[in-house]
Amino acid sequence: MPAAAQATWQNPPEPILSMLEAEQLPTVLISPDNQWLVTLEQPALPPIAQLAEPVVAIAGIEINPNTWGPAREAAYQGMTLRPLMGETDAPIVLPANPRIRNLRWSRDSRYLAFTLTQTKGVELWVLDTRTGKAQALTAPILNVTSGAPCQWLPGDEGLICKLRAEAGPPPEADPVPTGPVIEENSGRAAPARTYTNLLANAHDEALFEYYISSQLAQVSLDGQITPLGDTTLVRSIAVSPDGQYLLQGAFQRPFSYQVPLSRFATQYAVLNRNGEAVHIAAEQSLAEEIP
């Protein structure tokens, strides 16, 4: 018998194909001072190559281990800039096949920060509205596994970002368990919904710490990076109005095997600009018993 023909991806018949490939309406983003309008191009469907990227499913989320960002992320594929009262869009020059996410205006509306997902990581880029040009401020080193990766500082001081805290290759699972998985029950009724991709063992916990661990750093508008404080499991970061303090949320142990990371214990600490904790604002306990 002849060898079977190599199977390939097939397109559906018309008019289904035209419907699937129809151009999507753009998303618009207006600057805080109402002077600039950014138009963001949305892809019709993600390419198969993106859908085939690896996935690490832990703590209720899915991470792309190649990029340290969300798996199968939704992203824009192009942008244009124009004055809000103008009529002509100026295309922004970016690398081929860009995956644009995490857009955030600076406080004075001069700059628009965004991330570009590359093959081996996520870069920080900034668009200058005065010149209409965008440039990369970092290599693909951002940690986008949990929450927004960057926040603007006031003026022209740049941004506070979460960087990947790599410590060699990711931990490998031991084929021989070191002990049983033990879960305790206090005896109280705690109705809870069912979640997917939860932590299940010590190896999952190690993976969670590996990918969530971040180094806070100040990234200047000329690309200089200044690390702040120690590496920790950063959940969120906020900058005070005067830019002198940071509010950092950090995940705390014990981790749960029953709920996703959105319900993990979190410590909120006020940091100075050196990354040193000056005040513990709140201690949020593990939320396993909330219906």
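These notes cover the structure that comes with them. Predicted, not measured: the structure shown is a model, and the values here were computed from it. (Residues numbered from 1 in each chain as written. Predicted model: local features only at pLDDT ≥ 70, side-chain atom pairs only at ≥ 80, totals over all residues. Heavy atoms only, no water.)

Moving on to the sheet that holds strand 6 (residues 78–83). Strand order in the open sheet made by the 4 strands is 1-2-6-7, with antiparallel pairing throughout. Strands with a single pairing partner mark the edges of an open sheet, and in this sheet they are strand 1 (27–30) and strand 7 (90–91). Note that strand 6 and strand 7 share 2 bridges and pair antiparallel. Within strand 7, the position partnered with Leu81 by the bridge is Ala90. (Pairing = 2+ DSSP bridges. Helix = DSSP H or I, 4+ residues; strand = E, 2+ residues; numbered from the N terminus.)

Looking now at the sheet that holds strand 3 (residues 56–58). Across the sheet, 3 strands lie side by side as 3-4-5; this open sheet has antiparallel pairing. On the outer flanks of this sheet lie strand 3 and strand 5 (69–70), each paired with one strand and no other. Alignment of strand 3 against strand 4 (residues 61–64), held across 3 bridges, turns out to be antiparallel. Bridge assignment links Ile58 to a residue of strand 4, and that residue is Ile61. Of the strands in this sheet, strand 3 and strand 4 are in contact with helix 3 (residues 202–212), which crosses strand 3 at around 110°. (Contact = heavy atoms within 4.5 Å. Axes fitted to C-alpha atoms, helices over the stretch in contact; angles between N-to-C directions.)

Where nonpolar side chains cluster on the molecular surface, the patch consists of Ile16, Leu20 and Leu45 and spans about 260 Å² of accessible area. Judged by its relative accessible area of 51%, Leu45 is exposed. (Patch = residues over 30% accessible without salt bridge, like charges linked within 9 Å, V, L, I, M, F, W, Y side chains within 5 Å. Areas by Shrake-Rupley, 256 points an atom, 1.4 Å probe, with all protein chains shown as cover. Salt bridge = Lys/Arg side-chain N within 4 Å of Asp/Glu carboxyl O. Buried < 20%, exposed > 50% of the residue type's maximum accessible area, 1.4 Å probe, protein only.)

Below, the discussion takes up the nonpolar core. Among the nonpolar cores identified, the biggest contains 18 residues, and Ile58, Leu199, Phe208, Tyr211, Phe251, Leu261 and Phe264 are the most heavily contacted of them. Where this core is concerned, the elements lending two or more residues are strand 3, strand 4 and helix 3. No other element matches the 5 residues that helix 3 contributes to this core. Apart from the residues lying within four places of it in its own chain, the contact partners of Phe208 are Ile58, Ala59, Leu199, Leu233, Phe251, Phe255, Leu261 and Phe264. If you look at the next biggest cluster of nonpolar residues, it comprises 16 residues, including Tyr111, Val122, Leu142 and Val144. (Core = buried A, V, L, I, M, F, W, Y, C linked by side-chain atoms within 4.5 Å.)

In total, this model carries 9 salt bridges according to the counting rule given. One salt bridge in this structure joins Arg72 and Glu62, with 2.8 Å as the shortest N-O distance. Placement of Arg72 in the loop between strand 5 and strand 6 and of Glu62 in strand 4 is noted, with a sequence separation of 10 residues between them. Among the residues examined, Glu62 registers a relative accessible area of 32% and is labelled partly exposed. Of the charged contacts, one joins Glu73 and Arg99 as a salt bridge, the two residues approaching to 3.3 Å between their closest N and O atoms. On the criterion of sequence distance, the pair formed by Glu73 in the loop between strand 5 and strand 6 and Arg99 in the loop between strand 7 and strand 8 (100–105) is long-range, its members being 26 residues apart. You'll find Glu73 and Arg99 in the same group, each marked buried.

As a further point, take the environment of Leu246. Within the secondary structure, Leu246 sits in strand 17 (residues 245–251). Residue Leu246 is classed as buried on the basis of its relative accessible area of 1%. Between the alpha carbons of Leu246 and Arg104 there is a distance of 17 Å; along the sequence they are 142 residues apart. Apart from the residues within four sequence positions on either side, Leu246 is in contact with Ile160, Leu228, Ile237, Ala238, Val239, Ala269, Val270, Leu271 and Asn272.

Now for the packing of aromatic side chains. Two measures describe an aromatic ring pair: the distance that separates the ring centres and the angle between the ring planes. Applying the stated criterion across every chain yields a total of 10 aromatic pairs. Between the aromatic rings of Phe255 and Phe264, the centroid separation amounts to 5.7 Å while the plane-to-plane angle is 20°, which identifies the pairing as stacked. A residue is classified by how much of its surface remains accessible, and Phe264, at 0% relative accessible area, is buried. Clustering of aromatic rings is evident, with ring pairs tying together Phe208, Phe251, Phe255 and Phe264. (Phe/Tyr/Trp six-rings, centres within 6.5 Å; stacked < 30°, edge-to-face > 60°.)

All right, on to the pairing of strand 10 (residues 121–128) then. The element strand 10 is largely enclosed, with a buried count of 8 among its 8 residues. Because side chains alternate across strand 10, one face comprises the buried residues Gly121, Glu123, Trp125 and Leu127, and the other comprises Val122, Leu124, Val126 and Asp128, equally buried. When strand 9 (residues 111–118) meets strand 10, the two strands line up antiparallel, connected through 8 bridges. Across the sheet, the residue bridging to Gln118 is Gly121, located in strand 10. Taking the residues between adjacent antiparallel strands as the criterion, strand 9 and strand 10 are bridged by 2 residues. Where strand 10 lies against strand 11 (residues 133–136), 4 bridges are found, and the strand directions are antiparallel. Across the sheet, the residue bridging to Leu127 is Ala134, located in strand 11. Between the antiparallel neighbours strand 10 and strand 11 lie 4 residues, among them Gly132 with a positive phi of about 70°.

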